[in-house]
Amino acid sequence: DLRSERLYDLGTALAAGGRLENAIPLLESADKGGVPGAAYNSGTGALVQSQPDIALDWLRRAMLTDPDDLQAKHNYELA
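Residues numbered from 1 in each chain as written. Predicted model: local features only at pLDDT ≥ 70, side-chain atom pairs only at ≥ 80, totals over all residues. Heavy atoms only, no water.

**Some thoughts on the packing of aromatic side chains**
Under the criterion given, the structure shown has zero aromatic pairs. Lying over the aromatic face of W58, R61 brings its terminal NZ or CZ to 4.4 Å of the ring centre. (Phe/Tyr/Trp six-rings, centres within 6.5 Å; stacked < 30°, edge-to-face > 60°. Lys NZ or Arg CZ within 6 Å of the ring centre and 35° of its normal.)

This is how it looks when you write it as structure tokens:
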């Protein structure tokens, strides 16, 4: 839905800007709304912020959603 997509956009922008604490709830909502990529962006943001436990959870979810996502697998290994 449009709301979930907007939450994804805002969450992704916040995560890219280093504001993971603000981004995570938005990306969680987007993920629950079925937006592809929300789990990956959450995991990658957590990885960049040196939060490997959070990154592992999100990236595992991303890989379950898209088993062919090589970037999610790579970032999971880094975490």
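**Re the environment of D68**
Considering the arrangement of structural elements, one finds D68 in the loop between helix 4 (52-65) and helix 5 (70-78). Given the relative accessible area of 65%, D68 is considered exposed. For the pair D68 and A16, spaced 52 residues apart in the sequence, the C-alpha separation amounts to 24 Å. (Helix = DSSP H or I, 4+ residues; strand = E, 2+ residues; numbered from the N terminus. Buried < 20%, exposed > 50% of the residue type's maximum accessible area, 1.4 Å probe, protein only.)

**Topic: the side chain of S42**
Inspection of the secondary structure assignment puts S42 in helix 3 (residues 38-48). Dropping the residues within four chain positions of it, S42 is found in contact with L20, I24, L27 and W58. (Contact = heavy atoms within 4.5 Å.)

**Describing the packing of helix 3 against helix 4**
The geometry of helix 3 relative to helix 4 is characterised by a closest axis approach of 7 Å and an angle of 155° between their N-to-C directions. In terms of orientation, helix 3 lies roughly antiparallel with respect to helix 4. In the crossing of helix 3 with helix 4, the sense of the turn from one axis to the other is left-handed. Across the interface between the two elements, A39, Y40, S42, G43, T44, A46 and L47 from helix 3 touch I54, A55, W58, L59, R61 and A62 from helix 4. (Axes fitted to C-alpha atoms, helices over the stretch in contact; angles between N-to-C directions. Parallel < 35°, antiparallel > 145°, perpendicular 65-115°, else oblique. Left-handed = near helix turned anticlockwise from the far one by under 90°.)

**Observations regarding the packing of helix 1 (residues 2-16) against helix 2 (residues 20-32)**
Packing of helix 1 against helix 2 leaves a shortest axis separation of 8 Å and a crossing angle of 155°. As the angle between them shows, helix 1 and helix 2 are arranged roughly antiparallel. Note on packing geometry: the crossing formed by helix 1 with helix 2 is left-handed. Note on element contacts: helix 2 touches helix 1 through L20, N22, A23, L26, L27, S29 and A30, opposite S4, L7, Y8, L10, G11, T12, L14 and A15. Its residues assigned to classes, the contact of helix 1 with helix 2 shows 10 nonpolar, five polar and no charged. (Nonpolar A, V, L, I, M, F, W, Y, C, P; charged D, E, K, R; others polar.)

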